[in-house]
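Summary of structural features
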Amino acid sequence: MAPTYRLVMRSGPTVGKTFLLEKVETTLGRDLSNDIVINDSEASRRHARIFLQGGNYIIEDLGSTNGTSVNGQRLMGPYVLRPGELIMFGESISLLFEALQSADEAATVAAPRKPAPVPAPPPAAVPPPPPQTPAYAGQVPAQPTSGTAKKKRKPILIGIIVAALLLLCVCVAVLIYIDVNAAWCDWFGWAFNMVSPGLCP
C-alpha cells in the first residue's frame, strides 16, 4: 500500500497543525482560495504549490515575495520532496513533509538533502520546414523600369515647354506689331470703350 503524505506546521500561525496531501495538486498561501491557507504576512497570496508527478510530490514556488526554501536552500525551480524535509516560507513559517507509514518504515526516513532541480522535459520536436513552392516556369511580362518611365516623360515635357515658348513668342510679336502701328483702338477699341467709354474713337 502506498504511503499517505502530509505537512506538519513546525513554526508559523498554527504550530502542530497537519495537512494531508490528498489531491493531485495542492496550493498554499495567504488567500482563502488556497487548499492550505497560511494566515501570516510572510506567506504570499499564492505562495507555492505541491503536485504529484510519477509517484513523487514536487514543490514549486509561485513567484512569492519572501521565497520558498527546502532544508535551508532557496528554490529556483520545481523540487522533488522526500519525507523528513523541512519547507520554509520566508523566515518564520516551516512545514515538515512526512509520510504516514508503519513504525518500521518510519525509522528509515531519508536524511535531509540539498535541493536539486527536477530534470527538464525533453525538447519538443522541431516541425519539418514547409514545402518549397516551385518557381514559376512560364513567361512573365517584363515590368517597365523607373528609368524607362522617366525616358517616356522627357519628350512630353520638352514638347510642352517648346509649345509654351512658341505661344509666348507669337503673343509678344502681335503686341509689338499693334504697338508699332498704333493699332490698339483698331484691334481692342471695343474692349477699351467697355472699360472707359470714349477712350477710342
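Summary of the structure given here.

The rules behind these values
- For every chain, the first residue of its written sequence is number 1, and the numbers climb from 1 along that sequence.
- Only residues with pLDDT of at least 70 are given local features in this predicted model, and only at 80 or more are side-chain atom pairs given and counted; all residues enter the totals for whole chains, interfaces and linings.
- Each side-chain value is worked out from all heavy atoms of the structure, with water and hydrogens disregarded.
- Where helices and strands are cited, they refer to DSSP runs of H or I of at least four residues and of E of at least two residues respectively, numbered from the N terminus.
- For every residue, the accessible area obtained with a 1.4 Å probe (protein chains only) is divided by the maximum for its type, and the residue is called buried under 20%, exposed over 50%, and partly exposed between those limits.
- What makes two residues a contact is simply this: any of their non-hydrogen atoms within 4.5 Å.
- Throughout, the Shrake-Rupley method with a 1.4 Å probe supplies accessible areas, and for residues the shown protein chains are the sole cover considered.
- Note on aromatic pairs: the rings of Phe, Tyr and Trp (six-membered ring only in Trp) are paired at centre separations within 6.5 Å, and the planes decide the class, stacked below 30 degrees, edge-to-face beyond 60, tilted for the rest.

**Remarks on the overall build of the protein chain**
In terms of helices and strands, the protein chain carries three helices and eleven strands. The linear arrangement of helices and strands in the protein chain, starting from the amino end, is β-β-β-β-β-β-β-β-β-β-β-α-α-α. Within the protein chain, the fraction of its 201 residues that count as buried is 24%. Here the analysis covers contacts within the protein chain between residues at least 6 apart in sequence; of these, 40% occur between residues at least 24 apart. When the accessible area of the protein chain is evaluated, it comes to approximately 14300 Å², of which 63% is carbon and sulfur surface.

**Some thoughts on the packing of aromatic side chains**
Under the defined criterion, the tally for this structure stands at three aromatic pairs. Measuring from centroid to centroid gives 5.4 Å for Tyr5 and Tyr57, while their planes differ by 70 degrees, and the two rings are edge-to-face. Of this pair, Tyr5 sits in strand β1 (residues 4-11) while Tyr57 sits in strand β6 (residues 56-61), and the two are 52 residues apart along the sequence. There is no split in this pair, since Tyr5 and Tyr57 are both buried. Judged by centre distance (5.2 Å) and plane angle (5 degrees), the ring pair of Tyr5 and Phe97 falls under stacked.

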